[in-house]
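# Summary of structural features
The chain contents come next:
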Amino acid sequence: MANMAQAIRMALHVGETQLGVTDIFGQDVGMPLGGVFTATQGLENTWNAPLDERGIVGAAIGLGLAGDRAVAEIQFCDYIFNTIDLLKMAGNTYWATNGNYNLPITLMTPVGAGIRGSIYHSHSFDAWASRLPGWKVVMPSNALDAYGLLISAIKDPNPVMFLKPKALLRVRGEELIPGEPESEKELKAMIDAPIGDRSNWKAKWPNTEIYEVPIGQGKVTREGTDATIVTYGRHVLMANTVADRMRDQGRSIEVIDLRSIYPYDWSLIKSSISKTGRVLFLNEDTEVTNFAEHLVYRCTQELFYELMARPRVLAGKNLPGIGLHANLEENSVPQERDIERELSELLEEVP
Amino acid sequence: MTRKKASKKKGKTSSPSRSKSKKAKKSATKKATKKSAAKKTTSRKKTTTSKQPPKKKLGSLELDKETLLGMHDLMVKSRKLEERMIQIYKRGDAYFWIGAPGEEAFGVALGMQIQKGQGPEYDYSHLHYRCTPTLIAMGMEMEPAIRLIMNKATDPCTGGRNFSNHYCFPEWNIVPVTSPIEVQYSAAIGTAIAQRRRGNKGISIVSGGDAGTAEGDFASSLIWSSRPGFELPMYITVQNNRWGISTDYGSQHGEKYIADRGRAFGMRTGYYNGNDPIETYLAIQDDMYYIRRNGLPVLAEFEVSRLYGHSSASGANPTGDVCCIELFEDKLLRHGILTKELIKERHDQYQEEARSVAEKVRTEADPQADTIWDNVWVDNENADWRKF
Ligand SMILES: Cc1ncc(C[n+]2csc(CCOP(=O)(O)OP(=O)(O)O)c2C)c(N)n1
Ligand SMILES: [Mg+2]
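So, how was this worked out
- Residues numbered from 1 in each chain as written.
- Chains lettered and ligands numbered in written order.
- Predicted model: local features only at pLDDT ≥ 70, side-chain atom pairs only at ≥ 80, totals over all residues.
- Heavy atoms only, no water.
- Helix = DSSP H or I, 4+ residues; strand = E, 2+ residues; numbered from the N terminus.
- Rg over C-alpha atoms; globule rule 2.2 N^0.38 Å.
- Contact = heavy atoms within 4.5 Å.
- Areas by Shrake-Rupley, 256 points an atom, 1.4 Å probe, with all protein chains shown as cover.
- Lys, Arg positive; Asp, Glu negative; His and termini not counted.
- Charge placed at Lys NZ, Arg CZ, Asp CG, Glu CD.
- Near = heavy atom within 4 Å.
- Polar contact = N/O pair within 3.5 Å; in protein donor to acceptor, adjacent residues only side chain to side chain.
- Nonpolar A, V, L, I, M, F, W, Y, C, P; charged D, E, K, R; others polar.
- Expected span 1.5 Å × (residues − 1).
- Buried < 20%, exposed > 50% of the residue type's maximum accessible area, 1.4 Å probe, protein only.
- Donors = N, O, S within 2.8 Å, 3.2 Å for Na, K, Ca; no water.
- Pairing = 2+ DSSP bridges.
- Axes fitted to C-alpha atoms, helices over the stretch in contact; angles between N-to-C directions.
- Core = buried A, V, L, I, M, F, W, Y, C linked by side-chain atoms within 4.5 Å.
- Domains from an automatic or database assignment.
- Phe/Tyr/Trp six-rings, centres within 6.5 Å; stacked < 30°, edge-to-face > 60°.
- Lys NZ or Arg CZ within 6 Å of the ring centre and 35° of its normal.
- Buried area = accessible area lost by both parts, 1.4 Å probe.
- Salt bridge = Lys/Arg side-chain N within 4 Å of Asp/Glu carboxyl O.
- Right-handed = clockwise from strand over helix to strand, strands pointing away.

## A look at the overall build of chain A
The helix and strand tally for chain A stands at eleven helices and twelve strands. Computed over its C-alpha atoms, the radius of gyration of chain A comes to 20 Å, within 12% of the 20 Å expected for a compact globule of 351 residues. Dimensions along the principal axes, computed over C-alpha positions, put chain A at roughly 65 × 50 × 40 Å. In chain A, 79% of the contacts between residues at least 6 apart in sequence involve partners at least 24 apart. Of the roughly 13,000 Å² of accessible surface on chain A, 51% is carried by carbon and sulfur atoms. Averaging the coordinates of the 33 positive side-chain charges in chain A and doing the same for the 45 negative ones gives two points 1 Å apart.

Here it is as structure tokens:
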């Protein structure tokens, strides 16, 4: 099975060979490195950009204006903040021109904690991104979804932000990408750049299919009837683990992997909460004005009389940063034990 | 501290798709040096060029009569339109005015030379909010400008969503003018990359004010357009009116010429009297020729006036700055190219045109409130979360 970085690479390969992707660029995105997480190794249209995030986003906007399909990368979302006004501009271009110019661009950036990345390699961007109208925002939790969401992002005529949960980039999927070789070793030999001199190396791409995960469509990863967890990215894995553990204790937890942060799959969320009456919204961006708060708001507006307990948000603590030491990081962003605690309270609450 | 004028340097490397032999470049530079020595239209002018296209001369005016008259006509048209737009604002028919009186010499000279059309084979224009003269010179009529300032449903650029002078015409590669200062210098990088890839003659033109060059996007345009082996066909221009709203240039900028900043990148640079349409026209002609031929960037600075202050926010009242149209008319009168009668006729004609277009547009429909959700995403896909 491919890991997420390999899946992203394969999607980009499909992008540049079949979907018209002209440029895949960002800091260290081109060879010899192929991205700090190796997600762009071996591709044809990659190139290294100057160390200038504003230039990268600006160039992507310009390429979009010219009708080219660009996939740009900000090396870590921790460094995307000086481009916020350009992101706003990309999001409003179609609207501000009343439909004269659309921007068919994809912007990828690794997000989140979980790799002991300290203050400047642990930021999240989902809550920020949800405040950029005109963008679509997606975040996969596994290799197959990464592949399918990236293909959808590339095909989409609007700007799409593809948030890469950096802690999952080396995690192998459980489902094969259509066309991917069964053997991990074989895949590695085909598309992982060798250590050392890479100047003569060329990737041998497997013939993977155009497989899309529609933007705006979530997925139930655990079925249950007692409570719902709505989450995305690496917290899907944690939620699944907790749900499995609690199942052994006789509790039935439904887990929704939202996959798209905006537009989001409200009908899936709604039908699940209607069934369970209890919901926990889970992510690791800071908790104050967190995207989950919008979902809770909607939940109370539309499902108030179906709720059996107060809807909860479990998110990153509202701190200026995430400290490096494991004790600090783990006390800053939600861990399995925190999810368990919140769930227990949620399940025990009597209306 | 000693300072030199804007440099004469030309780009050091050419992009593979547009490469030109060293020999050809050398001889081009020689010729250009000769020519500019002969010109002397202003004391501060500095430029070097690759081989220039032939041009007709008329006395010391250096441009043919038809071009001169055409340029004057467009400058007056643009000015009358802008003056009408100020009145539209003052009469309460618009919320805000910002525009270009004082920049006609530059704007018209630019607009006349843009290769207009849609797609990377043609020029892309990344303009700022003082670009009415450029659009008029490209063939825009008065209606779109007035529809835009009056926020009418008929406004073809924004559908009533944006300020005056925030144009957008995809059919001419006029990419959206947007309010954040200097972002166009970053976006122009992208269209220039698209053009470089195709290797045709389209170039990316970017315009903006002097104060805005303090933003990082300006530096981005210099860095990205001059990467060795990846140079971009970018025409980076600055219209220096020596003001950023109320802050004067001298109080914030140690560099005498903004154009000098291009020197560090081995870029061809120039500083021009942007109140002189002839000097400006020729400079742009040279620069565009050089960029199209070599695929290399140019940084050019034009000194311009700000005749009605920054915008309606500062009153939109006359400032008494040098007026490029008056100067030009004096010159053309002296050379017998224009008569006082013709000047008056043109002013009256465009004044009347602007008045009658404004009256007509005034009666046009306003945008409907429920159009706010239109065009958030392509194909009017539902973007209202209440309806997800
Ligand atoms: C990023 C940004 N900061 C501030 C403003 C507010 N603002 C509008 S115009 C202006 C001055 C611009 O001066 P200059 O670049 O010289 O252009 P000019 O208006 O003189 O043509 C400022 C500060 C803005 N629009 N965008
Ligand atoms: Mg200025």
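## Quick word on the site of ligand 1
Residues and elements named next belong to chain B. Surveying the vicinity of ligand 1 reveals 16 residues, the closest of which are Tyr-129, Arg-130, Ala-211, Gly-212 and Trp-243. Contacts to ligand 1 include Trp-243, whose backbone N or O atom sits 2.8 Å from an oxygen atom. Protein chains shield 71% of the accessible area of ligand 1, which is 580 Å² for the free molecule. Here the shell around ligand 1 is built from residues that sort into six nonpolar, seven polar and three charged.

## Digging into helix 1 (residues 4–18) of chain A
Residue and element names in this part refer to chain A. Between its terminal C-alpha atoms helix 1 stretches 21 Å, which fits the 21 Å expected from 15 residues at 1.5 Å a residue. The element helix 1 is largely enclosed, with a buried count of 13 among its 15 residues. Positive backbone phi, approximately 80°, marks Gly-20, located one or two places after helix 1.

## A short note on the side chain of B:Asn241
Locating B:Asn241 in the fold gives a position in the loop between strand 3 (234–240) and strand 4 (243–244). At 2.9 Å, the side chain of B:Asn241 and the backbone nitrogen of B:Trp243 are in polar contact.

## Considering the coordination of the magnesium ion (ligand 2)
B:Asp210 (OD), B:Asn241 (OD1) and B:Trp243 (O) make up the full set of protein donors to the magnesium ion (ligand 2), lying at 2.0 to 2.1 Å. We classify B:Asp210 as buried; its relative accessible area is 1%.

## Quick notes on the sheet that holds strand 7 (residues 298–303) of chain B
All names here are of chain B. One open sheet holds the five strands; their spatial order is 1-2-3-7-6, and the pairing between them is parallel. The open sheet terminates on both sides in strands that have one partner only, identified here as strand 1 (124–126) and strand 6 (268–273). Direction aside, neighbouring strands of the sheet carry axes that sit 15° apart on average. Pairing of strand 3 with strand 7, which is carried by six bridges, proceeds in the parallel orientation. From the neighbouring strand, Tyr-235 faces strand 7, where its bridge partner is Val-298.

## What to know about the nonpolar core
Of all hydrophobic cores here, the largest spans 155 residues; its most connected members are A:Phe25, A:Ile61, A:Phe125, A:Met161, A:Phe281, B:Tyr167 and B:Tyr235. Counting residues domain by domain, this core receives three or more from each of domain 1 (4–191) and domain 2 (219–348) of chain A. The contacts of A:Phe125, once residues within four sequence positions are left out, are A:Cys77, A:Ile80, A:Phe81, A:Ile84, A:Leu87, A:Val111, A:Leu132, A:Met161, A:Leu163 and A:Asp285. Ranked by size, the runner-up nonpolar core spans 43 residues in total, among them A:Leu150, A:Ile151, A:Ala153 and A:Trp201.

## Structural notes on unusual backbone geometry
Look at the link from A:Met31 to A:Pro32: it is a cis peptide, with omega at 15°. Within the secondary structure, A:Pro32 is located in the loop between strand 1 (21–26) and strand 2 (46–48). The amide bond that connects A:Tyr262 to the next residue, A:Pro263, takes the cis arrangement and shows omega of -5°. Looking at where A:Pro263 falls in the secondary structure, it is placed in the loop between strand 10 (260–262) and helix 8 (266–276). Phi at A:Asn98 is positive, roughly 50°, even though this residue is not glycine. Its location among the elements puts A:Asn98 in the loop between helix 3 (84–96) and strand 4 (106–111). Despite not being glycine, B:Ala316 shows a phi value in the positive range, around 55°. Checked against the element boundaries, B:Ala316 lands in the loop between strand 7 and helix 10 (324–334).

## As for the side chain of A:Arg278
Tracing the chain through its elements places A:Arg278 in the loop between helix 8 and strand 11 (279–286). A distance of 2.7 Å separates the side chain of A:Arg278 from the backbone oxygen of A:Leu346, its partner in a polar contact.

## Topic: the packing of aromatic side chains
For the coordinates displayed, the defined rule picks out 22 aromatic pairs over all chains. Pairing A:Trp47 with B:Phe230 gives two aromatic rings, centres 5.6 Å apart and planes at 35°, and the pair type is tilted. Placement of the pair is A:Trp47 in strand 2 and B:Phe230 in the loop between helix 7 (216–225) and strand 3, with the two residues belonging to separate chains. With a relative accessible area of 13%, A:Trp47 lands in the buried category. With a centroid separation of 6.1 Å and an interplanar angle of 20°, the aromatic rings of B:Tyr167 and B:Phe169 are classed as stacked. Judged by its relative accessible area of 0%, B:Tyr167 falls in the buried class. Of the residues examined, B:Phe169 reaches a relative accessible area of 7% and is grouped as buried. Among the aromatic residues, those joined into a ring-pair cluster are A:Tyr262, A:Tyr264, A:Trp266, A:Phe291, B:Trp377 and B:Phe388. The ring of B:Phe230 is capped by B:Arg196, whose NZ or CZ atom sits 4.4 Å from the centre of that ring.

## So, the interface of chain B and chain A
Taken residue by residue, the interface counts 45 residues in chain B and 44 residues in chain A. Buried area between chain B and chain A, both sides added, is near 3,500 Å², and the carbon and sulfur share of it is 61%. Our count for the contact surface shared by chain B and chain A stands at five salt bridges. The partner of A:Arg54 in a salt bridge is B:Asp217, and the shortest N-O contact between them spans 3.0 Å. Taken together, the connections running from chain B to chain A amount to 18 residue pairs in polar contact (both at pLDDT 80 or more). Secondary structure elements with two or more residues in the side of chain B that touches chain A: strand 1, helix 6 (183–198) and helix 7 of chain B.

## Here we look at the domain arrangement of chain A
For interface size, the figure often reported is the accessible area lost on association. Residue and element names in this part refer to chain A. As far as domains go, chain A holds domain 1 (4–191) and domain 2 (219–348). The C-alpha centroid of domain 2 is placed 25 Å from the C-alpha centroid of domain 1. In this complex, domain 1 contributes 30 residues to the contact, which on the side of domain 2 involves 25 residues. At the boundary of domain 1 with domain 2, total buried surface from both sides reaches about 2,200 Å², with 55% on carbon and sulfur atoms. Counting every contact that joins domain 1 to domain 2 gives four salt bridges. A salt bridge links Glu-175 to Lys-219; the nearest nitrogen and oxygen atoms lie 3.7 Å apart. Remark: the boundary between domain 1 and domain 2 carries 14 residue pairs in polar contact (both at pLDDT 80 or more). Going through the elements one at a time, helix 4 (126–129), strand 5 (136–138), helix 5 (143–155) and strand 6 (160–165) are the ones with two or more residues in the side of domain 1 that touches domain 2. Split into classes, the residues belonging to the side of domain 1 that touches domain 2 amount to 17 nonpolar, eight polar and five charged.

## Here's the deal with the pairing of strand 12 (residues 312–316) of chain A
Within strand 12 of chain A, four of the five residues are buried, leaving the element largely enclosed by the surrounding structure. In the classification by handedness, the crossover that spans strand 11 of chain A, the intervening helix 9 (residues 291–303) of chain A and the parallel strand 12 of chain A is right-handed.

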